[in-house]
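Coordinate analysis (summary)
Chain residues, written in single-letter form:
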Amino acid sequence: MARLNIVLASDHNEVLITKATRVPKVDDTVRRLMDDMVETMFEANGVGLAAPQVNVPLRVIVLRVDNQIYQIANPEMVRCDGEQTGLEGCLSVPGMVGEVTRCERVVAKGLNRHGKHVRIKGDGLLARAIQHEVDHLDGILFTMRVNEGTLREVEVAKEAEEAGAVTAV
Ligand code: NI
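Residues numbered from 1 in each chain as written. Predicted model: local features only at pLDDT ≥ 70, side-chain atom pairs only at ≥ 80, totals over all residues.

1. With respect to the overall build of the chain
Tallying secondary structure elements over the chain gives two helices and eight strands in all. Helices (α) and strands (β) of the chain occur, in sequence order from the N terminus, as α-β-β-β-β-β-β-β-α-β. Since a compact globule built from 169 residues should have a radius of gyration of about 15 Å, the 15 Å found for the chain is in line with a globular shape. Seen through its principal axes, the chain has C-alpha atoms that stretch 45 × 35 × 30 Å. Burial analysis of the chain (169 residues in total) assigns 38% to the buried set. In the chain, the share of contacts with a sequence separation of at least 24, taken over all contacts with a separation of at least 6, comes to 71%. (Helix = DSSP H or I, 4+ residues; strand = E, 2+ residues; numbered from the N terminus. Rg over C-alpha atoms; globule rule 2.2 N^0.38 Å. Buried ≥ 20, exposed ≤ 12 C-beta atoms within 10 Å, placed from the backbone. Contact = placed C-beta atoms within 7 Å.)

Written as structure tokens, this is what we have:
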């Protein structure tokens, strides 16, 4: 596995604001990408990462929530219910957090690393992370969804300590 460079919003790389392409087939190249993304996410202490964040314009996301790792190609929201408002951050926008209102519960479908159809059902943090990552695949950053007046700077070193903050997704 290899650690990949994370594209920052400040790099002004179009990949972060461009709709990513569906994965035609989950092959070894895609599996390697998924594994490298997991390593990169761990290294950066994140709970999620989308392929455009490592400069790959494909619909692939990885997540790690409650000690569970998810590697999903072509994720699609099947259901999005309820509402939660909480602090959110992003590995591509280091040093910033803001409140984002999202669905409390989601069901998403996609392909796992073996190319098999899977469904992920989650609430709370997992639901938030899925929505954040799927947004990345559509070229949407959390800063575009942030509740008015709540975006603020935070010391990067303290990000992880922010009460209730979902940083680094
Ligand atoms: Ni993000």
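2. Remarks on the nonpolar core
Met37, Ala51, Val60, Ile61, Val62, Leu63 and Ile130 are the most contacted members of the largest nonpolar core, which has 38 residues in total. Of all the secondary structure elements, the ones that give two or more residues to this core are α1 (28–43), β1 (48–50), β2 (60–65), β3 (68–81), β6 (105–111) and α2 (124–137). For this core, the element with the highest residue contribution is α2, accounting for six residues. Residues contacting Val62, with those up to four places away along its chain left out, are Met34, Met37, Val38, Met41, Gly48, Leu49, Ile69, Tyr70 and Gln71. (Core = buried A, V, L, I, M, F, W, Y, C linked by C-beta atoms within 7 Å.)

3. Points about α2
In this model α2 runs 21 Å from its N-terminal to its C-terminal C-alpha over 14 residues, within 8% of the 20 Å that 1.5 Å per residue would give. Of all the 14 residues making up α2, eleven are buried; the element is thus mostly covered by neighbouring parts of the structure. Of all the residues in α2, the buried ones are Leu126, Ala127, Arg128, Ala129, Ile130, Gln131, His132, Glu133, Val134, His136 and Leu137. Just downstream of α2 lies Gly139, where phi reads positive at about 75 degrees. (Expected span 1.5 Å × (residues − 1).)

4. Some remarks on the sheet that holds strand β8 (residues 152–153)
In spatial order, the strands read β4-β5-β8; together these three strands make up an open sheet with antiparallel pairing. In this open sheet, the two strands that pair with only one neighbour each are β4 (84–88) and β8. Where strand β5 (residues 96–102) meets β8, two bridges bridge the pair, whose relative direction is antiparallel. Residue pairing across strands places Val97 opposite Arg152, the latter belonging to β8. Contacts from α2 reach β4 and β5 within the one sheet, and its direction differs from that of β4 by about 70 degrees. (Pairing = 2+ DSSP bridges. Axes fitted to C-alpha atoms, helices over the stretch in contact; angles between N-to-C directions.)

5. Focus: the pairing of strand β7 (residues 117–123)
Sheet topology note: the β6/β7 ladder contains seven bridges and is antiparallel. Within β7, the residue paired with Lys109 across the bridge is Arg119.

6. A closer look at the environment of Ala73
Counting through the fold element by element, Ala73 comes out in strand β3. When the C-alpha atoms of Ala73 and Lys109 are compared, they prove to be 9.2 Å apart, with 36 residues separating the residues in sequence. Excluding residues within four positions of it along the chain, Ala73 makes contact with Val23, Val26, Val30, Arg59, Val60, Gly110 and Leu111.

7. So, the sheet that holds β2
Taking strand neighbours across the sheet as the criterion, the five strands line up as β1-β2-β3-β6-β7 in an open arrangement whose pairing is antiparallel. Two strands lie at the open edges of the sheet, namely β1 and β7, each paired on one side alone. Across this sheet, the average inter-strand angle for adjacent strands is 40 degrees, counted without regard to direction. The pairing of β2 with β3 spans six bridges and is antiparallel. Residue pairing in the sheet places Val65 in a bridge with Gln68 of β3.

8. Here's the deal with the pairing of β5
In terms of burial, β5 is largely enclosed, as five of its seven residues are buried. Where β4 lies against β5, five bridges are found, and the strand directions are antiparallel. Within the sheet, the bridge partner assigned to Thr85 lies in β5 and is Thr101.

Any functional reading would require information beyond the geometric quantities listed.
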